[in-house]
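The lines below spell out each chain.
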Amino acid sequence: MGWFDKIKFTTETRDNSPELKKGEIKDILISSFKTLLPDFSFSTYKNQTYYFLRERQFKCYTVTETLDIIFSLKDKHFSCSISSRLNKTYVYDKNYNIGKINPCVDLIVLKTGKRSHSINEAYYFHNGRHDNTTKVVNEIAHDFKSFGLPFLNKQFDNLTTDNILNTGFDYIEQLTQEKSVLKNEIETERKNVGYIVSRIKHPVYIDLKEKLQSIPNQDTSNRQNIPSLSFELLELYWDN
């Protein structure tokens, strides 16, 4: 059976329960998450996404952790992601992020450990009826608990134990520049270089980036992400 046939079979297999009404999925999500993920409360529905939120404190910052669920009644699938935002500006941002302080990753990627998936593997499919959709929501909640929570806990622990982050936090905590002025200067330069942060030549950005790059025993992935991390740290400084 090909991927199209698998999707068709999953979404067209009927049960005897009523068809879902518009907006009914919210109550199903809240009920399931209240049982399996009691620390997360429903926050809002925006950008076609249901957000469940938990907050934790790190230093003077609030770490906002979200479980994000996009539901399509028409296309009969869910798309789910999980995020940990140190910068409150990005709490409801839908873009994926593999950085150290504002990561957002797809739940199925966490579950499988694979970066890419065929269409039939990339979503949670339902048939548009109450019983089947409730079953799928419970599967999603279990996956958030099994794969999402360990990711969030590891991310929170890294805020304290990661030497690169500690160096970056110490740097921005000692900054004395006027926040609005620094933001305007760096954002203006970023626009001028086509939003490619590695090309920014502002002295504060360069100084922070070089300090992070000078930390010994870094792997390739960390070194490659330092330009974007430096920018996100400065964003954290002026946004909070």
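First, a word on what this report is: a plain description of the structure on this page.

Conventions we followed
Residues numbered from 1 in each chain as written. Predicted model: local features only at pLDDT ≥ 70, side-chain atom pairs only at ≥ 80, totals over all residues. Heavy atoms only, no water. Helix = DSSP H or I, 4+ residues; strand = E, 2+ residues; numbered from the N terminus. Buried < 20%, exposed > 50% of the residue type's maximum accessible area, 1.4 Å probe, protein only. Contact = heavy atoms within 4.5 Å. Areas by Shrake-Rupley, 256 points an atom, 1.4 Å probe, with all protein chains shown as cover. Lys, Arg positive; Asp, Glu negative; His and termini not counted. Charge placed at Lys NZ, Arg CZ, Asp CG, Glu CD. Axes fitted to C-alpha atoms, helices over the stretch in contact; angles between N-to-C directions. Left-handed = near helix turned anticlockwise from the far one by under 90°. Nonpolar A, V, L, I, M, F, W, Y, C, P; charged D, E, K, R; others polar. Core = buried A, V, L, I, M, F, W, Y, C linked by side-chain atoms within 4.5 Å.

Next up on the list: the overall build of the protein chain. Across its full length, the protein chain holds nine helices and six strands. Viewed in the frame of its principal axes, the protein chain has a C-alpha envelope of about 65 × 35 × 35 Å. Classification of the 240 residues of the protein chain by burial places 46% in the buried group. Of the contacts formed within the protein chain by residues at least 6 apart in sequence, a portion of 59% connects residues at least 24 apart. Accessible area for the protein chain stands at about 13,000 Å²; split by element, carbon and sulfur atoms hold 48% of it. Averaging the coordinates of the 33 positive side-chain charges in the protein chain and doing the same for the 31 negative ones gives two points 3 Å apart.

Remark: helix α7 (residues 179-192) packs on helix α9 (residues 220-239), axes separated minimally by 9 Å, with the N-to-C direction vectors making an angle of 145°. Both α7 and α9 take part in a crossing whose hand is left-handed. Touching Lys179, Leu182, Lys183, Ile186, Glu187 and Arg190 of α7 are Phe231, Leu234, Glu235, Tyr237, Trp238 and Asp239, all from α9. In terms of residue class, the contact of α7 with α9 is made up of six nonpolar, no polar and six charged.

Tracing the chain through its elements places Thr64 in strand β3 (residues 61-72). Using a relative accessible area of 6% as the deciding quantity, one classes Thr64 as buried. Look past the residues within four positions of Thr64 in its chain and what remains in contact with it is Leu53, Arg54, Glu55, Ser83, Ser84, Arg85 and Val91.

This part takes up the nonpolar core. The biggest cluster of nonpolar side chains holds 31 residues, and the ones touching the most others in it are Leu86, Phe169, Ile172 and Leu234. For this core, the secondary structure elements donating two or more residues are β3, α5 (130-161), α6 (163-173), α7, α8 (203-213) and α9. Ile172 has contacts with Tyr61, Leu233, Leu234, Leu236 and Tyr237, leaving out every residue within four places of it along the chain. Counting residues in hydrophobic clusters, the runner-up holds 28 residues, among them Leu37, Tyr50, Ile108 and Val136.

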